[in-house]
Amino acid sequence: MADPNVIPFAEGAPADDLMVETLPDGDVLIGDPELDVIEESDNGFDANLAEEIDARELSAKGAELVSYYENDEAARDEWKTRYKAGLRTLDPDGGLDESEDERATRGLSIVVHPLIAEAATQFNAKAIAELYPSGGPIKTVIIGQPDEEIEEQGRRVREFMNYQITEEMPEYFPDLDQMLFHLPLVGQTFKKVWWDVNLDRQCSQFVKAEDFCVAPESKDLYTSPRYTHLIRMPKNDYNRYVQNGYYLQTSDAGSDDVDPADSVIGEIEGVDEYDDSNDDIITLLEMHVYDLFDGIDGEEMDEEDEDDNAVALPYVITIDYDNQKIVSVRRNWREDDELKKRRDWFVSYKFLPGLGFYGFGLYHMIGGLGKAATGSLRALLDSAAFSNMQGGFKLRGRVTGGDVQVNPGEFVDLDSTVDDVNKAIMPLPFKEPSGSLFNLLGFMVDAGQRFASTADLNVGDVNPNAPVGSTVALIEQGSKAFSAIHKRLHYSQGQEFKLLSNLNAENLPEEFTFSRAGAAETIYAADFDDRIDIVPVSDPNIFSTAQRIAQAQAVLQMAQAAPQLHDMYEAYKRMYEAIRIQNIDEILKKPEEAVQMDCIDENMSVMYGKPIRAFIEQDHEAHIAVHMQFLQDPSLAGNPGAKTMQPILIAHIAEHIALLYRLRMQASVAMPLPPLPDFKDPNFKFEDVDPEQDRLISQRAAEVVRAAPQMKQIEAIRGVGQQGQGQGNPLEYAQQLAKLETEALTARTQAQIAADQAKAQSNIQIKQAEAKQDMQIEMAKAQADLQAKVTKLEAELQLEREKNAAKLEMEAMKNVPPTI
């Protein structure tokens, strides 16, 4: 049934057409409410809201924001003057307030002392080496307890982001290099990190401080209520952004006249104004502000009922500065952030902290010294020029009054007559360059270099016998200021890398494969989570190669002095890394892990210098016996490597003894013991045992020890004492018990003494047996030698006897008479 309060808008109109509804309070609603709902944009959370906002509201908002920007720029006029003066220290033809053209026309020097330029150059050279090493500027740190999965995730993130910065972001290094030269001059620079829809990748751009304007009341970048990035963009690039739906189309009001000289950088570089209509430049104001828009991200506001306490939301509003037209309005908070906190896309880099938002540079600190050094240098050069090319006066008949300008090497005509040529020409009394002025120049340069930490430590002047730690201390003492600056750079670069990591998590596909040297790696968007922290590879406590090498050398020396307390492989590896040696694994062998082997192969491994280790499941008594025999083998006595092998085998035998003791006690107590630690780990340690388990094991072990033969006598004595209790006089039993205890203590002491004596006697017997064995060997050897000599003499004697017998026989034959 039709609602009686609803009537058709027009007679004969279909039921679905516009309708008039009489509400209970008497109001009349015209039209279908379902058709009056404004459809939201299909572009989603990151849409350009400028397409949905009323044009009149956009126009008014654009004019308002431009006025805010111009007020912010006017508030920092004095800062911009000092900013330009700091950059002009690089101008080879400037540096002082006096007109350079006037000095040049008078033949005076216009040279500029490079005090600040030298400091900026050395700072750039040191900083770029630390912030952008050859292997990439990023490393990862695991948050929480590490395991194999998280360590692999950290490796993937580290390798991908280093690949990303060095290969996929070609602008990163030149922008960082330029920023690190710009920073010491003016004290403040910025980096912008964002996703570029034209390039379809992350970008990191150096932003000059003159192109980045903040609200005057700002204390830092993260709490600033408003800041503006001035963007100068070719019209063709702007049209590509329009084509990709990032900006709205704007009028062709871009300036055809490009005047780089308006910027102090163009003035220093010597680039003049030119006119080229093909290079139309669009000037954009990208303003990061808190604002309210009627009907956007909140309830519709009535001007009469508007609440001044309404909370504004963060937006990024881009304005075409030439015609004050808003071309983009975008939400500047995360879609899943219920608090709608502002996202920051800029990172502030400061040279020195400063007193407000902007940092101080070298010009703020030693700009006066730079000007004084320039003035002194010019005075010295001018004095040398005038003294070498003397000018003066010459008479022309009569002398006329007035001012006369004399340039170096020039003689001015004078109207006068004179009979002596020496009287007609008078050189001006120009002095030689002042030694005091030269010393003053050296003092000012030294003072400036000390502040800028550019006076390098001459390590060759240091005592070569001094400890390495003293050299490290000298380096740190001479570069305290640079150390603090490096810590600020390290922090800012860490913030920049975190922004890049967040962009990777939001924009990378779920799985992405990238190529690296010799292999292909896979990275996942989920890898960029809270388990991995992205930090710069630079060390905030080490700011120079000399300091790093000195520290590594100190570690290596201490490791060599006490190798049993250090990991020698790691000590040498750090030394190679400090001197920037590539492919260390090709020249430095990693320590091998010991494997389980039989006792004979263990002895051979020691001889070959291979590691050995005892394992719990081995036959320890057999290993101990074989190793002891090997140590006592007489053939090793003359082996040059015996001294090296003996400590290793003795330590290995101690491992077997420890494990054998554990196995025997475990079998005796008849209960499981806590698991052994991983002895492969050089930093192994025994874990804490549960107190109850500790009590049970200790009690059971004590029972086993008491059951040993040494303790049976004591227990028997105590048993005798206990049997006497309750019989006769208790005092007598107590005295008897005390006597028995005393006898037990005496017996135990005597047993211990006897054991020690037996042990000593055994050792003596062993030594005597060894000595006797050695004596027997020597006696056997002597006897064998003697027997050999006797045998030889007997053979010689027998030979002589045979010779004599033959001789007698011959004589006898001669004396026999002939037979008839």
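For clarity, every value in this text was computed on a predicted model and none was experimentally measured. (Residues numbered from 1 in each chain as written. Predicted model: local features only at pLDDT ≥ 70, side-chain atom pairs only at ≥ 80, totals over all residues. Heavy atoms only, no water.)

A. Quick look at the overall build of the protein chain. Looking only at helices and strands, the protein chain features 21 helices and 20 strands. Per-residue burial for the protein chain yields a buried fraction of 34% across its 820 residues. Counting contacts in the protein chain only where the partners sit at least 6 residues apart, residues at least 24 apart contribute 66% of the total. Approximately 50,500 Å² of the protein chain is accessible, and the part contributed by carbon and sulfur atoms is 53%. (Helix = DSSP H or I, 4+ residues; strand = E, 2+ residues; numbered from the N terminus. Buried < 20%, exposed > 50% of the residue type's maximum accessible area, 1.4 Å probe, protein only. Contact = heavy atoms within 4.5 Å. Areas by Shrake-Rupley, 256 points an atom, 1.4 Å probe, with all protein chains shown as cover.)

B. Inspection of the sheet that holds strand β5 (residues 188-196) at higher detail. Strand order across the open sheet formed by three strands is β6-β5-β14, with antiparallel pairing between neighbours. This sheet does not close on itself; its edge strands, each paired only once, are β6 (201-208) and β14 (346-350). Each neighbouring strand pair of the sheet contributes to a mean axis angle of 20°, computed without reference to strand direction. As defined by bridge partners, β5 adjoins β14 across five bridges and the pair is classed as antiparallel. (Pairing = 2+ DSSP bridges. Axes fitted to C-alpha atoms, helices over the stretch in contact; angles between N-to-C directions.)

C. Focus on the sheet that holds strand β13 (residues 325-331). Strand order in the open sheet formed by five strands is β7-β8-β11-β12-β13, with antiparallel pairing between adjacent strands. Taken across any chain shown, the strands that pair with only one partner, and hence form the sheet edges, are β7 (212-214) and β13. Direction aside, neighbouring strands of the sheet carry axes that sit 20° apart on average. Pairing geometry for strand β8 (residues 226-234) and strand β11 (residues 281-291), over nine bridges, is antiparallel. Bridge assignment links Arg232 to a residue of β11, and that residue is Thr283.

D. Inspection of the packing of aromatic side chains at higher detail. Scanning all chains against the criterion turns up 24 aromatic pairs. Of the aromatic side chains, those joined through ring pairs into one cluster are Trp79, Tyr83, Phe190, Phe212, Tyr227, Phe346, Phe357 and Tyr358. In this structure, Lys192 is placed above the aromatic ring of Trp194, and the distance from its NZ or CZ to the ring centre is 5.0 Å. Here Arg613 stacks its cationic end above the ring of Phe615, 4.0 Å away from the centre of that ring. (Phe/Tyr/Trp six-rings, centres within 6.5 Å; stacked < 30°, edge-to-face > 60°. Lys NZ or Arg CZ within 6 Å of the ring centre and 35° of its normal.)

E. Local environment of a nonpolar patch on the surface. A cluster of nonpolar side chains, Ile600, Met604, Met607 and Tyr608, forms an exposed patch at the surface whose accessible area comes to about 460 Å². Mapped onto the elements, Tyr608 comes out in the loop between α16 (599-607) and α17 (620-631). (Patch = residues over 30% accessible without salt bridge, like charges linked within 9 Å, V, L, I, M, F, W, Y side chains within 5 Å. Salt bridge = Lys/Arg side-chain N within 4 Å of Asp/Glu carboxyl O.)

F. Just the nonpolar core, in detail. Counting 60 residues, the largest nonpolar core has Leu180 and Leu489 as the members making the most contacts within it. Those residues in contact with Leu180, other than ones at most four positions away along the chain, are Phe123, Asn124, Ala127, Ile128, Leu131 and Leu489. In terms of nonpolar packing, the next biggest core, distinct from the first, is built from 32 residues, Leu58, Val66, Leu284 and Leu313 among them. (Core = buried A, V, L, I, M, F, W, Y, C linked by side-chain atoms within 4.5 Å.)

G. Highlighting the confidence of the model for the protein chain. For the protein chain, the average pLDDT comes to 75, and 70% of its residues sit at 70 or higher. Here residues 1-17 is a poorly scored stretch, pLDDT under 50, and it has 12 contacts once near neighbours within four places are set aside; other chains count. Confidence drops under pLDDT 50 across residues 724-731; counting only partners more than four residues distant or on other chains, this segment forms four contacts. (pLDDT = per-residue confidence, 0-100.)

H. Structural detail: the packing of helix α4 (residues 115-131) against helix α6 (residues 172-186). At their nearest, the axes of α4 and α6 sit 8 Å apart, and the two run at 140° to each other. Comparing the axis directions of α4 and α6 gives the class oblique. Pair α4 / α6 crosses with right-handed handedness. Judged by residue contacts, Ile116, Ala120, Thr121, Phe123, Asn124, Ala127, Ile128 and Leu131 of α4 engage Phe173, Leu176, Asp177, Leu180, Phe181, Leu183, Pro184 and Leu185 from α6. Here the residues of the contact of α4 with α6 are counted per class, giving 13 nonpolar, two polar and one charged. (Parallel < 35°, antiparallel > 145°, perpendicular 65-115°, else oblique. Left-handed = near helix turned anticlockwise from the far one by under 90°. Nonpolar A, V, L, I, M, F, W, Y, C, P; charged D, E, K, R; others polar.)

I. Quick look at the packing of α16 against α17. Packing of α16 against α17 leaves a shortest axis separation of 9 Å and a crossing angle of 40°. Taken as axis vectors, α16 and α17 run oblique relative to one another. α16 and α17 meet at a crossing whose hand is right-handed. Of the residues in α17, those in contact with Cys599, Glu602, Asn603 and Met607 of α16 are His623, Val626, His627 and Phe630. Split into classes, the residues belonging to the contact of α16 with α17 amount to four nonpolar, three polar and one charged.

J. View of unusual backbone geometry. The phi angle at Asp200 is positive, at roughly 55°, despite the residue not being glycine. Take Asp200: it is sitting in the loop between β5 and β6. Look at Lys340: it is not a glycine, yet its phi comes out positive at around 55°. By secondary structure assignment, the location of Lys340 is in the loop between β13 and β14. Taking relative accessible area as the criterion, Lys340 reaches 30% and is therefore assigned partly exposed.

K. Highlighting α6. Taking 1.5 Å of rise per residue, 15 residues should cover 21 Å, and α6 covers 21 Å from first to last C-alpha, within 8% of that figure. All of the buried residues along α6 are Tyr172, Asp175, Leu176, Met179, Leu180, His182, Leu183, Pro184, Leu185 and Val186. Backbone geometry just after α6 places Gly187 at a positive phi near 90°. (Expected span 1.5 Å × (residues − 1).)

L. Representation of a negative patch on the surface. A grouping of Asp46, Glu335, Asp336 and Glu338 is seen on the molecular surface, where their side chains present a negatively charged patch. A relative accessible area of 67% places Asp336 in the exposed class. (Lys, Arg positive; Asp, Glu negative; His and termini not counted. Charge placed at Lys NZ, Arg CZ, Asp CG, Glu CD.)

M. A look at the pattern of salt bridges. Using the criterion set out here, one finds 23 salt bridges in the structure. The salt bridge involving Arg342 is made with Asp344; its shortest N-O contact spans 3.4 Å. Judged by relative accessible area, which is 11%, Arg342 ranks as buried. Among the ionic pairs, Asp533 bridges to Lys498, the shortest N-O distance being 3.5 Å. Note that Asp533 is positioned in strand β20 (residues 532-536) and Lys498 in helix α13 (residues 480-507), a separation of 35 residues in sequence. According to the relative accessible area criterion, Asp533 is partly exposed, its value standing at 23%. Because the salt bridges share partners, they merge into one network encompassing Glu152, Arg155, Glu159 and Glu521.

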